[in-house]
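# Structural overview
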Amino acid sequence: MRLKSVVLALAAVVGVSLALPSLAQPRTPAREITQVQGDLYRARNGNWYTVFLVTPAGIILGDPINETFAPWLKSELDTRFPGRPVKYVVYSHSHFDHAAGGAAFAETATFVAHENMLRNMDGRYPQMPGDMIDRNDNGVIDREEIDIPTNTRPGVCGMGPGFFDGIDRNSDGVATPRELQQFIVRPSVVYNDRMRIELGGKVVELVHPGLNHSNDATVMVFPAERAAFATEFIADALVAGNPRSLPSACGPFDGSPLDEWIKSYRTVEGLDFDVLITGHGSQMVDKTLIRETREFFEDLRSAVAAGMAAGQSLEQLKENVRLERYKDWANYERLRANNVEAAYRNLLTYR
Ligand SMILES: [Zn+2]
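Residues numbered from 1 in each chain as written. Predicted model: local features only at pLDDT ≥ 70, side-chain atom pairs only at ≥ 80, totals over all residues. Heavy atoms only, no water.

## Describing the sheet that holds strand β5 (residues 86–90)
- Here we have 7 strands laid out as an open sheet, ordered β1-β2-β3-β4-β5-β6-β9, and mixed in their pairing. The sheet is open, and its two borders are formed by β1 (31–37) and β9 (189–191), each paired with just one other strand. Pairs of neighbouring strands in the sheet enclose a mean axial angle of 20 degrees, with direction left out of account.
- Strand direction decides the pairing type here: β1 and strand β2 (residues 40–45), joined by 6 bridges, are antiparallel. When the bridges of β2 are listed, E32 appears paired with R44.
- Helix-sheet contacts for helix α3 (residues 69–80) involve β1, β2, β3 (48–55), β4 (58–61) and β5, and the interaxial angle to β1 is about 55 degrees. (Pairing = 2+ DSSP bridges. Helix = DSSP H or I, 4+ residues; strand = E, 2+ residues; numbered from the N terminus. Axes fitted to C-alpha atoms, helices over the stretch in contact; angles between N-to-C directions. Contact = heavy atoms within 4.5 Å.)

## Topic: the pairing of β5
- Relative to β5, β4 runs parallel, the two being bridged by 3 bridges. Bridged to I60 within β5 is Y88.
- As a crossover connection, the stretch from β4 through α3 into β5 is right-handed.
- Here β5 runs beside strand β6 (residues 110–114); their pairing, made up of 3 bridges, is parallel. Residue pairing across strands places V89 opposite F111, the latter belonging to β6. (Right-handed = clockwise from strand over helix to strand, strands pointing away.)

## A few points about the packing of helix α9 (residues 258–269) against helix α10 (residues 287–309)
- At a minimum axis separation of 9 Å, α9 and α10 run at an interaxial angle of 160 degrees. One element, α9, and the other, α10, form an angle in the roughly antiparallel class. With respect to the hand of their crossing, α9 and α10 are arranged in left-handed fashion. Residues L258, D259, W261, I262, Y265, R266, V268 and E269 of α9 form the contact with α10, whose own contacting residues are K287, I290, R291, T293, R294, F297, E298 and R301.
- A breakdown of the residues in the contact of α9 with α10 according to their chemical character gives 7 nonpolar, 1 polar and 8 charged. (Parallel < 35°, antiparallel > 145°, perpendicular 65-115°, else oblique. Left-handed = near helix turned anticlockwise from the far one by under 90°. Nonpolar A, V, L, I, M, F, W, Y, C, P; charged D, E, K, R; others polar.)

## Considerations on the side chain of N331
- One can find N331 in the loop between α11 (314–320) and α12 (332–350).
- Since its relative accessible area comes to 19%, N331 is described here as buried.
- Looking at N331, its side chain comes within polar contact range of the side chain of R334, at 3.3 Å.
- Residue contacts for N331: discarding those within four places in its chain leaves L238, S245, L246 and R336. (Buried < 20%, exposed > 50% of the residue type's maximum accessible area, 1.4 Å probe, protein only. Polar contact = N/O pair within 3.5 Å; in protein donor to acceptor, adjacent residues only side chain to side chain.)

## Re the coordination of the zinc ion
- For the zinc ion, the full set of protein donor atoms is H93 (NE2), H95 (ND1), H213 (NE2) and E232 (OE), at a range of 2.1 to 2.7 Å.
- Residue E232 is classed as buried on the basis of its relative accessible area, which comes to 5%. (Donors = N, O, S within 2.8 Å, 3.2 Å for Na, K, Ca; no water.)

## A word on the state of the cysteines
- Scanning the entire structure with this criterion turns up 1 disulfide.
- Here C157 engages in a disulfide with C250; their sulfurs sit 2.0 Å apart. Around the S-S axis, the bridge from C157 to C250 shows a dihedral of about -90 degrees and counts as left-handed. One end of the pair, C157, is in the loop between α6 (143–152) and α7 (163–167); the other, C250, is in the loop between β13 (227–230) and α9, and 93 residues separate them in sequence. Just as C157 is buried, C250 falls in that class too. (Disulfide = S-S within 2.5 Å.)

## Here we look at α6
- Restricting attention to buried positions, one finds in α6 the residues E145, I146, P149 and T150. End-on, the buried residues of α6 take up no more than an arc of 125 degrees, which puts them together on one face. Those residues of α6 that are exposed and aimed more than 90 degrees away from the buried face are N151 and T152.
- For α6, the elements touching its buried residues are β7 (141–142) and α7. (Arc of directions from axis to C-beta.)

## Concerning the sheet that holds strand β14 (residues 275–278)
- Here 5 strands make up an open sheet; going across it, the order is β10-β11-β12-β13-β14 and the pairing mixed. What marks the edges here is a single partner per strand, and that holds for β10 (194–199) and β14. Recorded for the sheet is a direction-independent mean angle of 20 degrees between the axes of neighbouring strands.
- Direction of pairing for strand β12 (residues 219–222) relative to β13: antiparallel, over a ladder of 3 bridges. In the sheet register, M220 faces β13, and the bridge partner there is F229.

This is how it looks when you write it as structure tokens:
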């Protein structure tokens, strides 16, 4: 009896480790820390980026990114800035690929986010990236809810192989929201519209831009450094080199009305800074990129709306809406028709 339970326990351990191929042994992504301006730095984990501001009283950090990057970052910070622990972690949004790993800083940090992040972590199905939605409305993440967007738009709207098995941590065939968010520390301070953090004589302003790629976005503004940090709705995960890139247009448009996306860009354009640090992509950008991205959304919306008003079918729109001004942008050939279709479905849903 005793032996049997040991064997069962071993089987369970083996089963769990076999079910975690992508998380158990990740290839370590490229990691580095670069100075942006003064005491403001950008930190990199592959094509994911975060920021931190060093003050005499400690550090204000953006996203912890994930549970393997965050301990690496903590040890770098401890070495480079001894006696200046991370006092704040500010989430750019709640998605698991940016917000995980906060435990590394939990001893010293307060975790801050837009208030909608609490809703996304209350045990109900959260707002997710990449058209991963609760298709059968059962409140848990089923394998096909990951596989459908992964297989219909490979490399754009879903996850890599093994992702579902990685988040189904007890291998029972479904992933609960809590399993998905196992490594995300819940925010302890939330705000509604704007918030100001002062630490060691330095200031960070937090701004909720509206609904876009997520419904709980925060833009961090560093007034003295004339810089800001925002993820995803300005440069999404497809952006690697060229920041001028057609949006992934999953969802359609992640369940947020096009008007809200456009409002988000206008909000950021209205903030006082020069350099935007993005969550994806090697280059930092300026407001020109934000304006052009907003104009892309406006041009897409008006062209699709005009075609719909003229009675064109979705197939006709995908053929006719060329968005020529953007033909040199990254992913134009690959994603133009997807953007037209997403705009069409978005306008049908939210008009
Ligand atoms: Zn995201």
